[in-house]
Amino acid sequence: IALRARKHVRVQHDPAPSQRYMNILREGAAELDLKPCYKEFLEEHPTHKVPRWLRRLAVNNLIATFTIGRALKTRLVSRLQSFLLF
């Protein structure tokens, strides 16, 4: 099973993983005592840092979606967002 995003929302480049995800991979590699060359690869791999304004926007979007949905007693707003994004 694979997610296929609509053409207008696809990224043109391979994005770097998040810092949190890479930390999980690094901890797992250390816990399983994987080869040092792989641990070095994980340490050197670039990560994506989400700008603060974008994190705030995402949180505000979730709050607004939840609030409007509760006020209208419908999931119309979240369905509309899903339709537009995916």
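Model, not experiment: these values are computed from the prediction.

What counts, and where the lines are drawn
- Residues numbered from 1 in each chain as written.
- Predicted model: local features only at pLDDT ≥ 70, side-chain atom pairs only at ≥ 80, totals over all residues.
- Heavy atoms only, no water.
- Helix = DSSP H or I, 4+ residues; strand = E, 2+ residues; numbered from the N terminus.
- Buried < 20%, exposed > 50% of the residue type's maximum accessible area, 1.4 Å probe, protein only.
- Axes fitted to C-alpha atoms, helices over the stretch in contact; angles between N-to-C directions.
- Parallel < 35°, antiparallel > 145°, perpendicular 65-115°, else oblique.
- Contact = heavy atoms within 4.5 Å.
- Nonpolar A, V, L, I, M, F, W, Y, C, P; charged D, E, K, R; others polar.
- Patch = residues over 30% accessible without salt bridge, like charges linked within 9 Å, V, L, I, M, F, W, Y side chains within 5 Å.
- Areas by Shrake-Rupley, 256 points an atom, 1.4 Å probe, with all protein chains shown as cover.
- Salt bridge = Lys/Arg side-chain N within 4 Å of Asp/Glu carboxyl O.
- Lys, Arg positive; Asp, Glu negative; His and termini not counted.
- Charge placed at Lys NZ, Arg CZ, Asp CG, Glu CD.
- Expected span 1.5 Å × (residues − 1).
- Arc of directions from axis to C-beta.

## A word on the side chain of arginine 26
Mapped onto the fold, arginine 26 is located in helix H1 (residues 19–31). Looking at arginine 26, the relative accessible area reads 15%, which means it is buried.

## Examining unusual backbone geometry
Positive phi, close to 55°, is recorded for aspartate 33, a residue that is not glycine. Tracing the backbone shows aspartate 33 in the loop between H1 and helix H2 (36–44). Exposure remark for aspartate 33: the relative accessible area of 59% places this residue in the exposed category.

## Some thoughts on the packing of helix H3 (residues 52–72) against helix H4 (residues 76–85)
Remark: H3 packs on H4, axes separated minimally by 7 Å, with the N-to-C direction vectors making an angle of 135°. Taken together, H3 and H4 sit at an angle that is classed as oblique. On H4, the residues touching Asn61, Thr65 and Ile68 of H3 are Val77, Ser78 and Gln81. Within the contact of H3 with H4, the residues separate by chemical class into two nonpolar, four polar and no charged.

## Describing a positive patch on the surface
Side chains of Lys49, Arg52, Arg55 and Arg56 sit close together on the surface and give a patch of like positive charge. Locating arginine 56 in the fold gives a position in helix H3. Since its relative accessible area comes to 52%, arginine 56 is described here as exposed.

## Some details on H3
Counted at 1.5 Å a residue, the expected span for H3 with its 21 residues is 30 Å, and the 30 Å between its end C-alpha atoms agrees. A positive backbone phi angle near 55° is found at lysine 73, which sits one or two residues after H3.

## Here's the deal with H1
Over its 13 residues, H1 runs 18 Å from end to end, which matches the ideal 18 Å to within 8%, given 1.5 Å per residue. Within the span of H1, buried status applies to Met22, Arg26 and Ala29. The buried residues of H1 occupy an angular sector of 60° when the element is viewed end-on, so they sit on one face. Exposed and facing more than 90 degrees away from the buried side of H1 are Arg20, Glu27 and Glu31. Here the buried face of H1 lies against H2. The positive-phi residue at the C-terminal boundary of H1 is aspartate 33, with phi of around 55°.

## Concerning the environment of threonine 65
You can see threonine 65 is positioned in helix H3. Assessed through its relative accessible area of 15%, threonine 65 is described here as buried.

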